[in-house]
Amino acid sequence: AQRVTQPEKLLSVFKGAPVELKCNYSYSGSPELFWYVQYSRQRLQLLLRHISRESIKGFTADLNKGETSFHLKKPFAQEEDSAMYYCALKGGNKFYFGSGTKLNVKP
Amino acid sequence: EAEVAQSPRYKITEKSQAVAFWCDPISGHATLYWYRQILGQGPELLVQFQDESVVDDSQLPKDRFSAERLKGVDSTLKIQPAELGDSAMYLCASSPPGQHRIDFGPGTRLLVL
């Protein structure tokens, strides 16, 4: 069955520290993986897709098929990165979401 | 930039009452989704449309929930009768052809008393 797991509900780091938000998935085929972000009082929005291999706002994510992971990383966290982050998997024509990790970047 | 619109943004109702939510997807997006998000959890798919057709409603509690997208554009999600456990955020979303991303609306927060 399709599943997206984000093991950390809350991650607190200091400004300038590295950040890694974990995401593991289970899917029998070849999934597409995404990270979505929700800033305070804003709607869920796409942060990045593994297919694009892009870096958005300093964040990157690498798909590791062997470990079935898609961890989100940023070398130096900023206070404006504080938000809810959701990992998502597209399997077939459906999107599945993890339960989210709240990132709190302290000054 | 075009966005998914939803109304109302907030709804308070009493149990056993009927409620309805409306969604207007981004123009040209054939795929429309309704998700439910309970506090502390991620969005869970209730129903997915391709144009006016339902392609997945396996998680929709059909005894009380209904959804329609009659002209393949905007959509309505209805709950009748509402129960206390229906209190949640209801998110509408749409995808462009190819579904290389999913765009969310602001959501309707429902509180059932």
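Not measured: the values here are computed from a predicted model.

K.L.:
Sorry, what's going on with the overall build of chain A here?
P.N.:
When helices and strands are tallied, chain A shows zero helices and 11 strands. Each helix and strand of chain A, placed in order from N terminus to C terminus, yields the pattern β-β-β-β-β-β-β-β-β-β-β. Each of the 107 residues in chain A was classed as buried or not, and the buried ones make up 41%. By sequence separation, contacts in chain A at least 24 residues apart represent 56% of the contacts at least 6 residues apart. On chain A, roughly 5600 Å² of surface is accessible, and the fraction owed to carbon and sulfur atoms is 48%. Across chain A, the 16 positively charged side chains and the 9 negatively charged ones have centroids separated by 6 Å.

K.L.:
Explanation requested: the sheet that holds strand 3 (residues 19–24) of chain B in the structure shown.
P.N.:
For sheets, the rule is that strands pair by backbone hydrogen bonds, running either parallel or antiparallel. All names here are of chain B. Across the sheet, which stays open at both edges, the four strands sit in the order 1-3-8-7 with antiparallel pairing between neighbours. Strands at the two margins of the open sheet, each flanked by one partner only, are strand 1 (5–7) and strand 7 (65–68). In this sheet, adjacent strand axes meet at a mean angle of 15° when their direction is disregarded. With four bridges connecting them, strand 7 and strand 8 (residues 75–79) associate as antiparallel partners. Each bridged residue has a counterpart across the sheet, and for Phe 65 the counterpart in strand 8 is Ile 79.

K.L.:
Please explain the sheet that holds strand 3 (residues 19–21) of chain A as it appears in this structure.
P.N.:
Residues and elements named next belong to chain A. One open sheet accounts for three strands, arranged 3-8-7; its pairing is antiparallel. Whereas interior strands pair on both sides, the edge strands pair on one side only; in this sheet they are strand 3 and strand 7 (60–61). Where strand 7 meets strand 8 (residues 72–74), two bridges bridge the pair, whose relative direction is antiparallel. Each bridged residue has a counterpart across the sheet, and for Ala 61 the counterpart in strand 8 is Leu 72.

K.L.:
How should the pattern of salt bridges be read in this particular structure?
P.N.:
Pairing of side chains with opposite charge becomes possible as their charged atoms draw close. Using the criterion set out here, one finds 10 salt bridges over all chains in the structure. Across the pair Arg 43 of chain A and Glu 3 of chain B runs a salt bridge whose closest N-O atoms are separated by 3.4 Å. Pair noted here: Arg 43 of chain A is in the loop between strand 5 (32–38) and strand 6 (45–49) and Glu 3 of chain B is in the segment before strand 1, and the two residues belong to different chains. The partner of Asp 56 of chain B in a salt bridge is Lys 94 of chain A, with the nearest N and O atoms 2.5 Å apart. Here the residue Asp 56 of chain B occupies a position in strand 6 (residues 53–56), and Lys 94 of chain A occupies one in strand 10 (residues 94–97), the pair thus bridging two chains. Its relative accessible area of 9% is what places Asp 56 of chain B among the buried residues. Classification of Lys 94 of chain A as partly exposed rests on a relative accessible area of 25%. What you see here is one network of salt bridges that share partners, running through Glu 20, Lys 22 and Lys 73 of chain A.

K.L.:
How should the packing of aromatic side chains be read in this particular structure?
P.N.:
Ring pairs (aromatic) are described by centroid distance and by the angle formed between their planes. Evaluation of the coordinates by the stated rule reveals 12 aromatic pairs over all chains. Look at Phe 59 of chain A and Tyr 85 of chain A: their rings are 5.6 Å apart centre to centre, the planes differ by 45°, and that puts the pair in the tilted class. You can see Phe 59 of chain A sitting in the loop between strand 6 and strand 7 and its partner Tyr 85 of chain A sitting in strand 9 (residues 83–91), a full 26 residues away along the chain. On the basis of relative accessible area, Phe 59 of chain A is assigned to the buried category, the value being 0%. Among the aromatic residues, ring-to-ring pairing joins Phe 34, Tyr 36, Phe 95 and Phe 97 of chain A together with Tyr 33, Tyr 35 and Phe 104 of chain B into one connected group. Lys 106 of chain A extends its terminal NZ or CZ atom over the ring of Phe 14 of chain A, reaching a point 4.3 Å from the ring centre.

K.L.:
Is there a simple way to explain the nonpolar core in this structure?
P.N.:
As a rule of thumb, nonpolar side chains are buried together in soluble globular proteins. In terms of nonpolar packing, the biggest core is built from 24 residues, with Trp 35, Leu 72 and Tyr 85 of chain A touching the most fellow members. For this core, the secondary structure elements donating two or more residues are strand 2 (10–14), strand 3, strand 5, strand 6, strand 9 and strand 11 (101–106) of chain A. Sequence-distant contacts of Tyr 85 of chain A, defined by excluding residues within four places in its chain, comprise Gln 6, Leu 21, Trp 35, Tyr 36, Val 37, Leu 47, Phe 59, Leu 72, Gly 100, Thr 101 and Leu 103 of chain A. Judged by nonpolar contacts, the second largest core, of 20 residues, contains Val 19, Phe 21, Leu 32 and Leu 77 of chain B.

Definitions and cut-offs
Residues numbered from 1 in each chain as written. Chains lettered and ligands numbered in written order. Predicted model: local features only at pLDDT ≥ 70, side-chain atom pairs only at ≥ 80, totals over all residues. Heavy atoms only, no water. Helix = DSSP H or I, 4+ residues; strand = E, 2+ residues; numbered from the N terminus. Buried < 20%, exposed > 50% of the residue type's maximum accessible area, 1.4 Å probe, protein only. Contact = heavy atoms within 4.5 Å. Areas by Shrake-Rupley, 256 points an atom, 1.4 Å probe, with all protein chains shown as cover. Lys, Arg positive; Asp, Glu negative; His and termini not counted. Charge placed at Lys NZ, Arg CZ, Asp CG, Glu CD. Pairing = 2+ DSSP bridges. Axes fitted to C-alpha atoms, helices over the stretch in contact; angles between N-to-C directions. Salt bridge = Lys/Arg side-chain N within 4 Å of Asp/Glu carboxyl O. Phe/Tyr/Trp six-rings, centres within 6.5 Å; stacked < 30°, edge-to-face > 60°. Lys NZ or Arg CZ within 6 Å of the ring centre and 35° of its normal. Core = buried A, V, L, I, M, F, W, Y, C linked by side-chain atoms within 4.5 Å.

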